[in-house]
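The primary structure of each chain is shown beneath.
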Amino acid sequence: MTDVLIAGAGPTGLTLAIELARRGVDVRIVDRAGEHFPGSRGKGLTARTQEVLDDLGVADEVLHYGFRHLPHRRYLDGDLVAEADPHAQRAPTPDRPYDGGLLIPQWRTERILRARLAEDGVRVELAAGLAEFSQSANGVHAVLDTGERVAARYLVGCDGGRSTVRKALGVRFEGESGEQAMLLGDVELDGLEPDAWYQWTVRGRGFLALCPFRHERSWQLQAVPFGGFGAEGGFPEPSLPYFRRIVVDLAGGHGIRLSKASWLSTYRVNVRMADRFRVGRVLLAGDAAHVHPPAGGLGMNTGIQDAYNLGWKLAMVCSGARQSLLDSYQEERLPVASWTLGVSAEGLRRVAERFVNGGSTDITGGAPPDGQQLGLGYPASSLSVDGDAGNGPRAGDRAPDAPCVDSSGTPRRLFDAFRGPHFTLLGFGESCAGPLQDVGTAHRGLIKPVLIGAPGSGADLVDVEGHARTAYGVTGDTLVLVRPDGYLALRAPGASRTAVRDYLDRVGVSRSA
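Residues numbered from 1 in each chain as written. Predicted model: local features only at pLDDT ≥ 70, side-chain atom pairs only at ≥ 80, totals over all residues. Heavy atoms only, no water.

Moving on to the environment of V282. Along the chain, the position of V282 falls in strand β16 (residues 282-284). For V282, a relative accessible area of 0% translates into the label buried. With 127 residues separating them in the primary sequence, V282 and L155 have C-alpha atoms 4.8 Å apart. Beyond its immediate sequence surroundings of up to four residues, V282 is in contact with F133, Q135, V140, L155, V165, L169 and F277. (Helix = DSSP H or I, 4+ residues; strand = E, 2+ residues; numbered from the N terminus. Buried < 20%, exposed > 50% of the residue type's maximum accessible area, 1.4 Å probe, protein only. Contact = heavy atoms within 4.5 Å.)

Read across the sheet, eight strands follow the order β18-β25-β24-β21-β22-β23-β19-β20 without closing on themselves; strand pairing throughout is mixed. Both outer strands of the open sheet, β18 (385-386) and β20 (411-413), are each paired with one neighbouring strand and no more. Sitting on the sheet, helix α12 (residues 499-507) is in contact with β18, β21 (423-428), β22 (447-453), β24 (478-482) and β25 (488-493), with an inclination near 145 degrees to β25. (Pairing = 2+ DSSP bridges. Axes fitted to C-alpha atoms, helices over the stretch in contact; angles between N-to-C directions.)

So, on to the packing of aromatic side chains. For the structure shown, the criterion picks out nine aromatic pairs. Taking 5.7 Å as the distance between ring centres and 80 degrees as the angle between the ring planes, the aromatic pair formed by F37 and W263 counts as edge-to-face. With F37 in the loop between β2 (27-30) and β3 (44-45) and W263 in strand β14 (residues 257-274), this pair connects stretches of sequence that are 226 residues apart. The class of W263 is buried, set by a relative accessible area of 8%. Relative to W219, the ring of Y198 lies with its centre 6.0 Å away and its plane at 40 degrees, an arrangement referred to as tilted. Here Y198, found in strand β11 (residues 197-202), pairs with W219, found in strand β13 (residues 219-225); they are 21 residues apart in sequence, far enough to count as distant. An identical accessibility class is assigned to Y198 and W219; each is buried. Of the aromatic side chains, those joined through ring pairs into one cluster are Y75, Y198, W200 and W219. (Phe/Tyr/Trp six-rings, centres within 6.5 Å; stacked < 30°, edge-to-face > 60°.)

As a further point, take the nonpolar core. Residues V4 and Y503 are the most contacted members of the largest nonpolar core, which totals 97 residues. Considering each element in turn, this core owes the most residues, 11 residues, to helix α7 (residues 299-318). In contact with Y503, not counting residues within four places along its chain, are L383, V385, F423, L481, A489 and L490. (Core = buried A, V, L, I, M, F, W, Y, C linked by side-chain atoms within 4.5 Å.)

Attention now goes to the pairing of β2. Regular strands place side chains that alternate from one sheet face to the opposite one. Residues V27 and I29 of β2 are buried on one face, and the alternating residues R28 and V30, pointing to the opposite face, are buried as well. Where strand β1 (residues 2-7) lies against β2, four bridges are found, and the strand directions are parallel. Residue pairing across strands places L5 opposite R28, the latter belonging to β2. Handedness of the crossover is the feature at issue here: the chain leaves β1, passes through helix α1 (residues 11-21), returns alongside β2, and the resulting connection is right-handed. (Right-handed = clockwise from strand over helix to strand, strands pointing away.)

The following block contains the structure:
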């Protein structure tokens, strides 16, 4: 019997498969498509998603292929009206190493994730969609499109907005389908330098954007023409000749020549969310659980973070933790999805209103205040326990980074200590040595103990400039337990020798590796 069967091999399913496979869980990931997704659709990675990819060990490759600081060059009725880099004022800080969004085509992100998954011996099974399934108290029995029958302990539907899994569960997908639509495509072109994200608004005629990608020949085309509709009032079928007509109509003075289209699509706005993310041994993640308007570029990022939240919990349940740990997945991620739907819908409304009246031509005008998702967390979660009265981040908040050095003087970040499938117990101060030693003995493999001290203290990590203490608001000796997904689980007094044991008992996590 397979431990976990994942339906859907987009960014959400791939992230979940990596999280499970690197913890030794027997996982299969299947997809109905006959080939890997070829398009650039979800092209923005938020700072928080980049931190997730850092933990998975692929951040350097993603950064190599991504644009971080790309100016937006905006035209209104043919005239250049603005050019600005929306991330120009952002720079890395000790606690936030990724300073803003990253533009990278979705197909490239998926390729990087597939290669990472293959390192753990797991490959995507194409042309093998989920046809049907049933579940019992002991597992899930699935039938693939190939006719193969698969027995699994758990099934996770990462199979998109039209999710077969969600529909078979009878889970309501509440919300609305809007009238707005957008043409999308990947094109090769001549006539522009790949030094900006070009955006044109022509009042009364429509909107066009062309975004280049680093180290790629293709650009992403986004367009909302206000005319030229088909017989039924919608866009004609997307095609290279149709895209060429739009470019001539909205940016005809630039001599742009489209030579090739490798992916063509029509995106229709939906704002919907499942009323439940779990039914027994079947769970939903990503677009199968929630679909968002494109404003702010949060949809794919929210799905990746769903998987990052679910992965360690599902792995621990497969290893003997209480099944109730899975209840915290919906408890924590459903409010995040609801927030994302709300801010994305509002952002789309603002952008559409401004495009129509000509008040703005900036496609990023719909981004929410916390568009990098660094401020999202789970302070109200049953997994969040505050046991001291210190300042700084509380249980449920994102765990900050900080530069330190190890005992040999080699630069090390807190994120280096966090990287991997374990909990991390940070001990600030000498009185933490005993509790850290206890944890290292009793929970080897489950929790990594890290003593943080001043120069000359012999600590595992030396907080040379005090950035770690500052980031965590530590004034006295303090224990901070960081979850595998990089959020604070527990804050406790430094000398407490029972706080971590009590926490593990409370949440039902096994004390052994």
